[in-house]
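Residue-level structure breakdown
As a plain string of letters, each chain reads:
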Amino acid sequence: MNEIKIFSPATVANVACGFDVLGFCLDSVGDEMVIRKTDKKGIHITKIENFNLPFEAELNVAGVSALAMYNAIDVDFGFEIEIYKNIKPGSGIGSSAASAVGSVFGMNELLGKPFNKTQLTEFAIKGEALASKCEHADNLAPALFGGFTLVKSISPLQILEIPSPNDLYATIIHPQIEIKTSESRAILPKVVALSKAIEQWANLGSLVHALHTSNYELISNSLNDVIVEPYRSQLIPYFNDVKKAVLKAGALGCGISGSGPSIFSLNKGLETANKVKDAMQNVYSKTGITFDIHVSKINTQGVKIID
Ligand code: ADP
């Protein structure tokens, strides 16, 4: 096999109470990539469609993660990468992670799978660090493993796979505004009150338990972020209106996806997920801000071969 086409999914990181550790994988939105072996040694990005991103491997997250893997192997050929980007960079649903994961997953398949998913995450972290200036895996892990994942630690890298209840659907709105990652980091408090920390880790522990036991009611009352959301939501226009409307429409919970501006909700059943979509649409169609909405079942497979 000399060429492979893959689907690399969008992901939601943080998931309210799981700041920097929890994430889940979507299946209705993602990038496609073609990875090809070539005689010319090295990593070469030969095509990027839909968005203006750098072709130099060292400046593109797909290239940086590919180079991290390439430098760990000894081969007399190289790889070409084509990126068909559907996830807008900076949307908060793991655009950079999809690219970082796609290149190393595709190369690993062409090499006969010498690396496991944790090792692929290690390479992908190098790419993700280019976009976010720090090493984190809360979007990479769900894109590679699928479902819900919890990054227990980065060094050594430890990723836990958490089961997804069958009837769980996400609805995500992406307002087309730009929030600088530096701004969304800078707005966070340096110190957290112990009472807030207790509330947050009680919610995170409960959410993980609720996912294991398919307890939708517990999912609902655990999806609360008392530490980050009060600050970051100020950067997202109409966040509180959206939250109020989706909870009224029957969502289990709602929060900021990654560092925003996307807003996610989790819902029991497709019918409720679609009602929540209408509620989000109602709020944002009055604002003059353009937006995309995605409804997706939780993708338990993650990145996959499509050709
Ligand atoms: P997201 O949360 O949607 O991934 P980030 O802010 O983490 O958004 O990453 C987007 C940044 O990474 C942009 O500055 C973009 O130019 C840069 N970047 C470099 N290569 C890529 C790529 N292949 N895909 C997406 N973004 C990339």
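Preceding this paragraph is the structure being described.
Now for a look at the structure at hand. (Residues numbered from 1 in each chain as written. Predicted model: local features only at pLDDT ≥ 70, side-chain atom pairs only at ≥ 80, totals over all residues. Heavy atoms only, no water.)

1. Remarks on the packing of aromatic side chains
In this structure the tally under the stated criterion is seven aromatic pairs. Ring centres of tyrosine 70 and phenylalanine 79 lie 6.3 Å apart, and the angle between their planes is 85°; on these two criteria the pair is classed as edge-to-face. A relative accessible area of 12% means that tyrosine 70 is categorised as buried. Owing to a relative accessible area of 0%, phenylalanine 79 belongs among the buried residues under this scheme. Ring plane angle 80° and centroid distance 6.0 Å describe the contact between tyrosine 238 and tyrosine 284, whose orientation is recorded as edge-to-face. Residue tyrosine 238 is located in the loop between α8 (229-232) and α9 (239-248), and its partner tyrosine 284 is located in helix α10 (residues 270-285); the two are separated by 46 residues in the primary sequence. Take tyrosine 238: its relative accessible area is 39%, and that puts it in the partly exposed class. According to the relative accessible area criterion, tyrosine 284 is buried, its value standing at 0%. Three or more aromatic residues joined by ring pairs make a cluster, and in this case those are Phe24, Phe148 and Phe264. Cation over ring: lysine 37 sits above phenylalanine 77, and NZ or CZ is 5.0 Å from the ring centre. (Phe/Tyr/Trp six-rings, centres within 6.5 Å; stacked < 30°, edge-to-face > 60°. Buried < 20%, exposed > 50% of the residue type's maximum accessible area, 1.4 Å probe, protein only. Helix = DSSP H or I, 4+ residues; strand = E, 2+ residues; numbered from the N terminus. Lys NZ or Arg CZ within 6 Å of the ring centre and 35° of its normal.)

2. Looking at a nonpolar patch on the surface
Nonpolar side chains collect at one region of the surface, where Leu194, Ile198 and Trp201 lie side by side and expose about 360 Å² of accessible area between them. For isoleucine 198, the location among the structural elements is in helix α6 (residues 194-213). (Patch = residues over 30% accessible without salt bridge, like charges linked within 9 Å, V, L, I, M, F, W, Y side chains within 5 Å. Areas by Shrake-Rupley, 256 points an atom, 1.4 Å probe, with all protein chains shown as cover. Salt bridge = Lys/Arg side-chain N within 4 Å of Asp/Glu carboxyl O.)

3. Structural notes on the nonpolar core
Among the nonpolar cores identified, the biggest contains 40 residues, and Ile35, Ile43, Phe79, Ile81, Met107 and Leu140 are the most heavily contacted of them. Looking at this core, the elements with two or more residues in it are β1 (3-13), β2 (22-38), β3 (42-49), α1 (61-70), β4 (78-84), α2 (95-110), α3 (117-132) and α4 (140-145). Considering each element in turn, this core owes the most residues, seven residues, to α2. Other than its neighbours up to four places away in sequence, isoleucine 81 contacts Met33, Val34, Ile35, Ile43, His44, Ile45, Thr46, Lys47, Ala62, Ala66 and Ser103. If you look at the next biggest cluster of nonpolar residues, it comprises 29 residues, including Cys17, Leu150, Leu168 and Tyr216. (Core = buried A, V, L, I, M, F, W, Y, C linked by side-chain atoms within 4.5 Å. Contact = heavy atoms within 4.5 Å.)

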